Structure formats: C-alpha cells, structure tokens
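Residue-level structural notes
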Amino acid sequence: MTPLDFARQARWRVAAFLAVAAALNYADRAAMSAVLAAVRTEFAVSDVQLGLLGSLFLWSYALGSPLAGSLADRFSRTKIVFGSLAAWSAVTALMGLASGFPMLLALRFSLGVAECLFLPAAVALIADYHPASTRARAMSFITIGINCGMVVGGGFTGYMAEHHGWRSGFWILGVGGIILAWVGTRMMPPALKPVGSETGAKAKRGSFVAAIKYLARAPSYYALLLESMLSGFGMWVFFTWLPLYFRDTYHMTLAGAGFAGTFMLQVAVMLGIFVGGIISDRVAGHAPQRRMMLYGIFYLAAAPFLLLFLGRPEFPVVAVGIAAFSFLRGLGQANDNPTQCEVVPSQFRATGIGIMNCVSTAAGGCGVLVVGFLKGTLGLEAIFAAISGIFLVAGTVLLIGYRYFMPRDIVRAQAMEQPVLG
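Now for a quick tour of the structure. Small disclaimer: the values here were computed from a predicted structure and weren't measured.

Rules and cut-offs
Here the residue numbering is sequential within each chain, running from 1 through the sequence in written order. Owing to the predicted nature of the model, reporting of local features is limited to residues with pLDDT of at least 70; listing and counting of side-chain atom pairs is limited to 80 or more, with chain, interface and lining totals taken over all residues. The basis for every side-chain value is the complete set of heavy atoms in the structure, and neither hydrogens nor water enter the calculation. For helices, the axis comes from a line fit to the C-alpha atoms of the stretch in contact; other axes are also lines fit to C-alpha atoms, and the angle between any two N-to-C directions lies between 0 and 180 degrees. Helical segments are the DSSP runs of H or I of at least four residues, strand segments are the runs of E of at least two, and each set is numbered from the N terminus. Any angle that is under 35 degrees is reported as roughly parallel, and any over 145 degrees as roughly antiparallel; angles of 65 to 115 degrees are reported as roughly perpendicular and all others as oblique. Crossing handedness follows the turn of the near helix against the far one: under a right angle anticlockwise gives a left-handed crossing, and clockwise gives a right-handed one. Any two residues whose heavy atoms approach within 4.5 Å at even a single point are treated as in contact. Note that Gly is not counted as nonpolar here; it falls among the polar residues with everything else outside the nonpolar set of Ala, Val, Leu, Ile, Met, Phe, Trp, Tyr, Cys and Pro and the charged set of Asp, Glu, Lys and Arg. Take the buried Ala, Val, Leu, Ile, Met, Phe, Trp, Tyr and Cys residues and link them wherever side-chain atoms come within 4.5 Å; each set so joined is a nonpolar core. Working definition: with a 1.4 Å probe on protein chains only, accessible area under 20% of the residue-type maximum means buried, over 50% means exposed, and in between means partly exposed. A helix is expected to reach a length of 1.5 Å times the quantity of its residues less one. A residue's bend is simply the angle between two axes: one fitted to the seven residues ending at it, one to the seven starting at it. Note on ring pairs: Phe, Tyr and Trp rings are taken, using the six-membered ring of Trp, and paired if centres are within 6.5 Å. Classes follow the plane angle, with under 30 degrees stacked, over 60 edge-to-face and the rest tilted. Whether a charge lies above a ring is judged from NZ of Lys or CZ of Arg, which has to be within 6 Å of the ring centre and within 35 degrees of the ring normal.

As for the packing of helix α4 (residues 77-95) against helix α8 (residues 166-187)
Two elements in contact, α4 and α8, have axes whose closest approach is 7 Å; the angle formed by their N-to-C orientations is 160°. In terms of orientation, α4 lies roughly antiparallel with respect to α8. As for the relative orientation of α4 and α8, their crossing is left-handed in sense. Between α4 and α8, the contacting residues are Phe-82, Leu-85, Ala-86, Ser-89, Ala-90, Thr-92, Ala-93 and Met-95 on the first element and Trp-166, Arg-167, Phe-170, Trp-171, Leu-173, Gly-174, Gly-177, Ile-178, Leu-180, Ala-181, Gly-184 and Thr-185 on the second. Its residues assigned to classes, the contact of α4 with α8 comprises 13 nonpolar, six polar and one charged.

The structure is reproduced here in structure tokens:
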C-alpha cells in the first residue's frame, strides 16, 4: 500500500469513527424525549417542567459551544473528541440513577456541557483531512450518524422504558459510550498531514479573539448563523415534542411513539443527506458558492410539507408529510458544514462551528420551553405547522447570502489560509 493509499483510507476511517461517535452523541440527548411521559408520571411534573428538561440541556450546550470551538482550534482535536465522548457517556449513565427531578435537571445541564465539546472538534477534523472534492461526502458521515443516533435514542430508550423502566436505556447508552471511547483511543489511525499542507507542518491555530474578528467581517457567516438559529428553533421543537404528540394523538406506546417520532424524521433525512452530499460535491466542486445556493433551494422546497398538520390528518398522511419534509431538509443540510468551511479558514473553523452550535441550541432551548407554555392553548398541530414559515425564512436568507456575499467571502478565506498552510 502506498502512503497516498494509506492516507486516503485513514481519512475515511476517521470519518466512519466520528459518525459512530456522533450517533451516540445524539442518541444520548434524544433519549429523554422518548421517555417524557414516564418521567412526567414518576416525578409528577407539568408540561412546562418537561420543556425545561430539553431547554436546560440546549442552553448549557449553547453556553459552552463557543469555548468548545476555541479549544478545538488551539489544542488536539482528537483528544477533545475522546474526552467529550467519555464525559457525556458517564453523565448519561448517571441519569439512570436520578433520585428526583432537580437531580435530573442538573444532569441534563451537565450533559450539554460535556457534549458541546465534540462537534466542533469532529467537524474540524474532517475538514482538515478531506479536500473540497470529498468534503461534503465525508461530513455527511457525521450528519448521517447524528440522525441515526436520533432514531436509536428515541426508539431504543422508548422500548427499554416500556419493558424495563425508563432508566435502563440511559445505563446501557452510557456504558456503551465509555467502552467506545476506550476502544477508539486504540483504533484511531495516526494523525495525518492536513489537507493543503505541502510541508507537513501543522497549521497555526487561531485565537478566539482573532476568530471573532474574522467572522465579524464575513457576511456569509451571518447568513449561516441566522439559518442555524431559525432551523435550530424549529427542529428542536420537533425533536422534543413529536414523540409526545404521537402518544397523545394516536395513543401509541412509549416505544412506538419514541420510534415513530424519530424514525420518520431521521431515516428520510439520512437518505437526503447521503444524496445531498453527492450532489453538493458534484455541483459545487469547481464553484463552491453553489453549496449555499443548494442549501437555500432545498429548504424552500421542504417547508410547505409541514402545513399538513393543520388538517389534523390520519397517521399515514402525517408520516408521508414528515418524510418528504425530512428528505428535502436533508438534501439542504448536507451543505451546512461544507458551506461554513468554504467561508471560514481552517484555523478558525472549530470556533465558527462552535458559535453556530451556540445560536442553534440556544434558539432550540427557547423554542422547546415556549412550546411547553403554548401547547395547551394552540395545540402541537398549529405549532408544527408554524415551523413551515421558519424554514421559508431560513431558505430565503441562505439564497440572499449566496447571491450577494459568498463569492467574496470564499476568496477572503482562501487568501487567509495561504500564508498558514502554503
């Protein structure tokens, strides 16, 4: 095997491992949504308090994300990935031992702090070792892992709650993550030479202040931030409340509601991301600004399908509408991190991703809590339909960024990288 062949294989092995870790990351955070009904019964809490379980996690995740991105731009991204994996898995296992609702809230807060370290470091690692010609496909591994994890977290913990109590799923997921971290440290391939480095020297990592100054002068990044805030608000409302909606509306079991509430969303979106990554690399291979164009177009196409909730349709109609929305959203989402990597140079990428995670999860936390207040008066059908308007606005913002700002920001990012990597 030539050194080039080894490097290519190692890069894809890294992407595959990070996909598995990302799946566990999102399985652990999604697990709570599938057992909300059981938690409500055991601890005798209100809908607002249930919403707080989701919001507190998202807010702690948001608070820690900018620092997490900065750490990944300054220190070993591989060590941060493994440290985060072990820490959030330990917290997940402890959730199965929660003796009361305040303890559960504290552990949800801790889960956000531990998990926020993972994604900026993982995405930056992919960008380091995959050129633009394969970057969207490589990053789709992580995104597919994320969505697969949502299905596992919802379906598995719902099933375990139905047959062995709601705590059992958290114990298994937590111990499984600790084992994965231990195995991963021994199986990860050695560090590769970052893409674009001809000398093999490591790129100089940027400080948090320097990253903020750079990002503040990148209008395309503002468009991505606004899209992250809008889609984060809408999707975390969906992720958190859809299983409970299925249980209350269609009288499903905990396992059935947890599985249905994640499966229809995530399987369709995984297929969309897989196809979208191929489309993105082919359409944008020699015109990287087109990634944002594709992002916006697919979001606009996805938005109208959520209006189906207004008619209180039968379950098969809801299933088809959610699947269509999720597939088109996945086609767009495949361009998310690759677009950011086009307008942000490598030394600031993790910080940029961390800030995007911050605004997305902070908005999502607000949305989850607001729905806890509005659920009784508006109903979840009207709230889910309103998410359609949110995605229409997000798609429009992305197309504006593509039309007016992205080409200039790409040139600026490439000029910034040349003195560092050249």
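Considerations on the nonpolar core
Counting residues in hydrophobic clusters, the biggest one holds 119 residues, and the most contacted among them are Leu-18, Phe-309 and Phe-384. Considering every element that reaches this core, the biggest residue donor is helix α10 (residues 219-250), with 16 residues. The residues touching Leu-18, leaving out its near neighbours within four places in the chain, are Val-81, Phe-118, Ala-122, Leu-125, Ile-126 and Ile-142.

Looking at helix α15 (residues 349-378)
The terminal C-alpha atoms of α15, which comprises 30 residues, lie 40 Å apart, in line with the 44 Å expected from a rise of 1.5 Å per residue. For α15, the principal kink sits at Gly-372 and spans about 40°. Of all 30 residues in α15, 21 are buried, a share of seventy percent or more.

Describing the packing of helix α9 (residues 208-215) against α15
In contact at an axis separation of 9 Å, α9 and α15 are set at 70° when each is read in the N-to-C sense. The angle between α9 and α15 falls in the class roughly perpendicular. Each of Phe-208, Ala-211, Ile-212 and Leu-215 in α9 lies in contact with α15, whose residues at this interface are Thr-351, Gly-352 and Ile-355. Of the residues belonging to the contact of α9 with α15, the class tally is five nonpolar, two polar and no charged.

Topic: the environment of Phe-75
You can see Phe-75 is positioned in the loop between α3 (47-74) and α4. Distance from Phe-75 to Ala-121, taken between C-alpha atoms, is 9.6 Å for residues 46 residues apart in sequence.

A word on the packing of aromatic side chains
One pass over the structure, following the stated rule, counts 17 aromatic pairs. Measuring from centroid to centroid gives 5.9 Å for Trp-166 and Phe-170, while their planes differ by 85°, and the two rings are edge-to-face. Here the residue Trp-166 and the residue Phe-170 both occupy positions in helix α8, the gap between them amounting to four residues, near one helical turn. Classification of Trp-166 by relative accessible area gives buried; the value is 5%. You can call Phe-170 buried: its relative accessible area is 0%. A ring pair is formed by Phe-238 and Phe-309, whose centres lie 5.9 Å apart and whose planes are at 90°; its orientation type is edge-to-face. With Phe-238 in helix α10 and Phe-309 in the loop between α12 (290-302) and α13 (315-333), this residue pair connects regions lying 71 residues apart in the sequence. For the pair Phe-238 and Phe-309, a shared accessibility class is recorded, and that class is buried. Three or more aromatic residues link up through ring pairs in this structure, and these residues are Phe-238, Tyr-295, Tyr-299, Phe-309, Phe-325, Phe-384 and Phe-391. Looking at Arg-403, its charged tip hangs above the ring of Tyr-404, at a distance of 5.1 Å from the centre. Sitting above the plane of the Tyr-214 ring, Arg-412 keeps its charged end 3.8 Å from the centroid.

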